[in-house]
Amino acid sequence: MQVTTVRADGLILATPSGSTAYSMSAGGPIVSPSVPCVVLTPIAPHSLSFRPIVIPELSQIEIQLPSTSKTHARASFDGRRSVRLLKSSAIRASMARCPVPMINTTSLDIDWYEGITQVSSRGRPCCW
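The following refers to the structure shown. (Residues numbered from 1 in each chain as written. Predicted model: local features only at pLDDT ≥ 70, side-chain atom pairs only at ≥ 80, totals over all residues. Heavy atoms only, no water.)

### Focus: the overall build of the chain
Per the secondary structure count, the chain includes two helices and seven strands. Counting only residues that meet the buried cut, the chain has 20% of its 128 residues in that class. Relative to all contacts within the chain whose residues are 6 or more apart in sequence, the contacts with residues 24 or more apart total 44%. For the chain, the exposed surface amounts to about 9,600 Å²; the carbon and sulfur share of it is 56%. (Helix = DSSP H or I, 4+ residues; strand = E, 2+ residues; numbered from the N terminus. Buried < 20%, exposed > 50% of the residue type's maximum accessible area, 1.4 Å probe, protein only. Contact = heavy atoms within 4.5 Å. Areas by Shrake-Rupley, 256 points an atom, 1.4 Å probe, with all protein chains shown as cover.)

Okay, structure coming up:
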């Protein structure tokens, strides 16, 4: 099912742990690590019609560059590698079947809430 057509400088797909970095900087929500989801955040959208959305983690996501696009696009994965997308090409994304194992002495959410509420030495929340 097509959700929307976006005209923007870019589109960020983020997991909850990635929501507190680049996605938040582009106006996306901060999502607790215990919420099973993916965040889609437009970068500098060219209209007011598309806002960041949160979708279930099991969603199959397809991003397609239209054939009428004025230029090619690039896809970057965690800022490491970039791939050129030709007009009419698409990227399909989904969450991994096996999450990365984490060892925590307390609930993941407790550490997360403490991290976003701690104040830095400059008087601002530490992750903003």
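### Here we look at the pattern of salt bridges
A full pass over the atoms with the stated rule returns one salt bridge. Residue Glu-62 is joined to Arg-92 by a salt bridge in which the shortest nitrogen-to-oxygen separation is 2.8 Å. Of this pair, Glu-62 sits in strand 4 (residues 61-64) while Arg-92 sits in strand 7 (residues 90-93), and the two are 30 residues apart along the sequence. Among the residues examined, Arg-92 registers a relative accessible area of 69% and is labelled exposed. (Salt bridge = Lys/Arg side-chain N within 4 Å of Asp/Glu carboxyl O.)

### Considerations on the side chain of Ser-23
Summarising the element assignment, Ser-23 is placed in helix 1 (residues 19-25). Only 2.7 Å separates the side chain of Ser-23 from the side chain of Thr-41, close enough to count as a polar contact. In this view, Ser-23 contacts Ile-12, Ala-14, Gly-18, Gly-28, Val-39 and Thr-41; residues no more than four positions away in its chain are not counted. (Polar contact = N/O pair within 3.5 Å; in protein donor to acceptor, adjacent residues only side chain to side chain.)

### With respect to the side chain of Ser-32
Position of Ser-32 among the secondary structure elements: in the loop between helix 1 and strand 2 (37-45). Since its relative accessible area comes to 8%, Ser-32 is described here as buried. Look past the residues within four positions of Ser-32 in its chain and what remains in contact with it is Pro-16, Asp-109, Trp-112 and Tyr-113.

### Some remarks on the sheet that holds strand 2
The sheet built from three strands is open, its strands ordered 1-2-3 with antiparallel pairing. On the outer flanks of this sheet lie strand 1 (8-14) and strand 3 (53-56), each paired with one strand and no other. When strand polarity is set aside, the average angle formed by the axes of neighbouring strands in this sheet is 20°. Both strand 2 and strand 3 contribute to a ladder of four bridges, which runs antiparallel. Bridging from a neighbouring strand, Val-39 pairs with Val-54 of strand 3. (Pairing = 2+ DSSP bridges. Axes fitted to C-alpha atoms, helices over the stretch in contact; angles between N-to-C directions.)

### Remarks on unusual backbone geometry
The phi dihedral of Ala-44 falls on the positive side, at around 45°, and the residue is not glycine. For Ala-44, the position within the fold is in strand 2. Backbone geometry at Ser-88 places phi at a positive 75°, although glycine is not the residue there. With respect to the helices and strands, Ser-88 occurs in the loop between strand 6 (81-85) and strand 7. Given a relative accessible area of 42%, Ser-88 falls into the partly exposed group.

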